[in-house]
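# Structural description and commentary
The lines below spell out each chain.
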Amino acid sequence: MEITVSSSDLTASIEAEPYPFELVKRKCALLIIDMQRDFLEPDGFGEMLGNDVSQLRRTIEPNRLLLDAWRAAGLTVIHTREGHRPDLSDLPPAKKVRGRGVKTIGDPGPMGRILIRGEAGHDIIPELYPLPAEPVIDKPGKGAFFATDLHAILQNRGLTQLVVTGVTTEVCVNTTVREANDRGYDCLIPEDCVGSYFPEFQEMGLKMIKAQGGIFGWVTHSSKILAVLG
Ligand code: TIU
């Protein structure tokens, strides 16, 4: 039997700003940033800090649809989680005390110790739970490249493009996109799949990425990606 692969199965032009993103499917990973219970669920660390988690929860359903389609297309999915070792040996003292919170990283929280690996609140929300074959990058910082093996994994698999989703837009998503951009990756961000606790940061965080001819990357809507996944 002859198998025909048309070039449209391999590449696709996605409507985006500041101009179309040329997706090369086998070279592109879906990188889902920090969709963790402590950031998204009521009673988690995020809400404990006084944040409105509904601003992040609206990203769950678009992420789920994109993840389903990405998996169905047989493309690479990588997840990240922000957190630290139980002995806090990888937690910079500056990060521990920042914010002068009554409760900080490592303290007991509503879903186990706050942002500690292995605790319930640190894990990824059930709606987007990783499959066994999907790498999970445990990162101690805001950027997914700092002190992780993400770059090595991408290089080993020949991946040069990233669709970046998750939370929060101006913190871990932006930091990761900037780190990726400096390492030579093309990043596409579906705006409905990233969220911030602060609407003004959501808007500006996306504008900063696509400004100046796409200085850090491209911004689109998940519907435009779904349209080319078939
Ligand atoms: N994942 C991520 O963005 N971590 C944060 O701490 N974000 C805040 O917006 N605080």
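Data block above holds the structure.
Structural notes, computed from the coordinates. What you are looking at is a predicted structure, and each value in this text was computed from that prediction instead of being measured.

## Thoughts on the overall build of the chain
In terms of helices and strands, the chain carries 10 helices and 11 strands. At 18 Å, the chain has a C-alpha radius of gyration in line with the 17 Å of a compact globule built from 230 residues. Every one of the 230 residues in the chain was classed for burial, and the buried ones make up 49%. Summed over all atoms, the accessible surface of the chain reaches about 10800 Å², with 55% contributed by carbon and sulfur.

## Section: the pairing of strand β1 (residues 11-14)
Of the two faces of β1, the one holding Ala12 and Ile14 is buried and the one holding Thr11 and Ser13 is not buried anywhere. For β1 and strand β2 (residues 21-24), the ladder comprises four bridges, and the chain directions are antiparallel. Each bridged residue has a counterpart across the sheet, and for Thr11 the counterpart in β2 is Val24. Once β1 ends, the chain turns through six residues before running back antiparallel as β2.

## Things to note about the site of the ligand
Lining the immediate surroundings of the ligand are Asp34, Phe39, Glu82, Lys142, Val167, Thr168, Val171 and Cys172. Between Lys142 and the ligand, the recorded distance is 3.0 Å, taken from a side-chain N or O atom to an oxygen atom. Between the ligand and Val167, the relevant distance is 3.1 Å, taken from a nitrogen atom to a main-chain nitrogen or oxygen of the residue. Contact with the protein chains removes 82% of the 280 Å² of surface that the ligand exposes when unbound. For the shell around the ligand, a count of residues per class yields four nonpolar, one polar and three charged.

## Regarding the pattern of salt bridges
Summed over the entire model, instances satisfying the criterion amount to 15 salt bridges. Note that Arg81 is salt-bridged to Asp123, the shortest N-O span being 3.0 Å. Pair noted here: Arg81 is in strand β4 (residues 76-82) and Asp123 is in the loop between β6 (112-113) and β7 (136-139), with a separation of 42 residues, a long-range link. A salt bridge links Lys207 to Glu203; the shortest N-O distance between them is 3.1 Å. Taken together, the residues Lys207 and Glu203, both in helix α9 (residues 199-214) and four residues apart, mark about one turn of the helix. When its relative accessible area of 41% is taken as the criterion, Lys207 is described as partly exposed. Owing to a relative accessible area of 42%, Glu203 belongs among the partly exposed residues under this scheme. One connected set of salt bridges, linked through shared partners, spans Glu61, Arg64 and Asp68.

Conventions used here
Residues numbered from 1 in each chain as written. Predicted model: local features only at pLDDT ≥ 70, side-chain atom pairs only at ≥ 80, totals over all residues. Heavy atoms only, no water. Helix = DSSP H or I, 4+ residues; strand = E, 2+ residues; numbered from the N terminus. Rg over C-alpha atoms; globule rule 2.2 N^0.38 Å. Buried < 20%, exposed > 50% of the residue type's maximum accessible area, 1.4 Å probe, protein only. Areas by Shrake-Rupley, 256 points an atom, 1.4 Å probe, with all protein chains shown as cover. Pairing = 2+ DSSP bridges. Near = heavy atom within 4 Å. Polar contact = N/O pair within 3.5 Å; in protein donor to acceptor, adjacent residues only side chain to side chain. Nonpolar A, V, L, I, M, F, W, Y, C, P; charged D, E, K, R; others polar. Salt bridge = Lys/Arg side-chain N within 4 Å of Asp/Glu carboxyl O.

Everything listed is a geometric property; what it means functionally is a separate question.
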